[in-house]
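Here are the chains, one letter per residue:
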Amino acid sequence: RQYAEGGWRVIGPCRDAAGESRLRTAGADAHRLDVSDAGQISALAASLAGTSIDVFVHNAGIYGTDSSGIRAPDEAAFEEVMRVNVLAAMRTLAAIGPLVARASGRMAYITSSMGSIGQMSGTYGWLYRVSKAALNAAIKSASAELGAKGVTCVVLHPGWVRTDMGGPGAPLDVATSVSGMRRVISRLQKADNGRF
């Protein structure tokens, strides 16, 4: 909404008809996309062939089952969280990266401070934490190759935000979090490539 209100052309992927309606109402070009489906990511990239993308924001992510303690997560839960939080990001780096390179643009992936290895002090949200640490590593790794093509890749912690995942007790509202991230994205320099 904020980008569209600022006059940007917004291409907005969404999972369902309700999301499509909200995006269109906000002035975005809506596209159905399940990020856990490689074919749909490839199809989106193909539909945008020839497009130059200035800013790409990857905000797809799930918390999964609540996990604490050193207990192996359920295999299905592990696969779902890692597929959405890590594999989908790696796929969009490969599929959308060339479109961002055309504009020497920016790719921002929403992570969490919970994925910081240095700040981890327990196993609360173990599976989510591991997935976000893996996401951070994927972006850092890809930033070298994409940076050489003119792309600035970063991971952003949005803060603790009042969303379905963050819950009603979170201190930040969505608009404040998004405006802060937009400010950071707008100020990115090539030297920021690969940074948190």
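Residue positions are given per chain, counted from 1 along the sequence in the order it is written. In keeping with the model being predicted, local features are shown solely for residues with a pLDDT of at least 70 and side-chain atom pairs are shown and tallied solely at 80 or more, while totals for entire chains, interfaces and linings include all residues. For side-chain calculations, the full set of non-hydrogen atoms in the structure is used, while hydrogens and water are omitted.

(A) Inspection of the side chain of Ser116 at higher detail. The helix and strand labels rest on DSSP assignments: H or I over at least four residues marks a helix, E over at least two residues marks a strand, and numbering proceeds from the N terminus. Relative to the helices and strands, Ser116 resides in the loop between β4 (106–110) and α5 (126–147). Under the relative-accessibility criterion, Ser116 is labelled buried at 19%. A polar contact of 3.2 Å, which involves the side chain of Ser116, links it to the backbone nitrogen of Gln119. Think of it in three bands: residues with accessible area under 20% of the maximum for their type are buried, residues over 50% are exposed, and the middle band is partly exposed, with areas taken using a 1.4 Å probe on protein chains only. As used in this structure description, the phrase polar contact means that two N or O atoms lie within 3.5 Å; if the pair is within protein, one of them must be able to donate a hydrogen and the other to accept it, and residues adjacent in sequence are counted only when both atoms belong to side chains.

(B) Quick look at the pairing of strand β5 (residues 152–156). The buried fraction of β5 amounts to five of the five residues, a majority that puts the element mostly inside the structure. The two faces of β5 match: Thr152, Val154 and Leu156 on one face and Cys153 and Val155 on the other face are all buried. Of the strand pairs in this sheet, β4 and β5 are connected by five bridges, and their pairing is parallel. Paired with Arg106 across the strands is Thr152, a residue of β5. Pairing between strands is defined by DSSP: at least two bridges between them are needed.

(C) Region of interest: the sheet that holds β4. Judged by pairing direction, the sheet is parallel, and its three strands sit side by side in the order β3-β4-β5 without closing on themselves. Strand pairing shows two members of the sheet lacking a second neighbour, β3 (55–58) and β5, which therefore form its edges. Averaged over all adjacent pairs, the angle separating strand axes in this sheet is 15 degrees, with direction ignored. Across the sheet, helix α4 (residues 75–102) touches β3 and β4, and the angle it forms with β4 is around 160 degrees. Residue contacts are defined here by distance: any two heavy atoms, one from each residue, within 4.5 Å place the two residues in contact. Axis lines are fitted through C-alpha atoms, for helices just across the contact stretch, and the angle between N-to-C directions can take any value from 0 to 180 degrees. Against the sheet, helix α6 (residues 174–186) makes contact with β3, β4 and β5, and its axis sits at roughly 145 degrees relative to β4, the strand it touches most.

(D) Spotlight on unusual backbone geometry. Even without glycine at this site, Ser104 takes up a positive phi of about 50 degrees. Structurally, Ser104 can be placed in the loop between α4 and β4.

(E) Looking closely at the nonpolar core. Side-chain atoms within 4.5 Å are what join buried Ala, Val, Leu, Ile, Met, Phe, Trp, Tyr and Cys residues into a set we call a nonpolar core. Counting 25 residues, the largest nonpolar core has Ile96, Met107 and Tyr109 as the members making the most contacts within it. Mapped by element, the contributors of at least two residues to this core are α3 (38–47), α4, β4, α5 and β5. Setting aside residues up to four positions removed in sequence, Tyr109 forms contacts with Phe56, His58, Ala89, Thr92, Leu93, Leu135, Ile139, Val154, Val155 and Leu156. By size, the runner-up hydrophobic cluster in this structure holds nine residues, among which are Ile110, Val154, Leu156 and Ile185.

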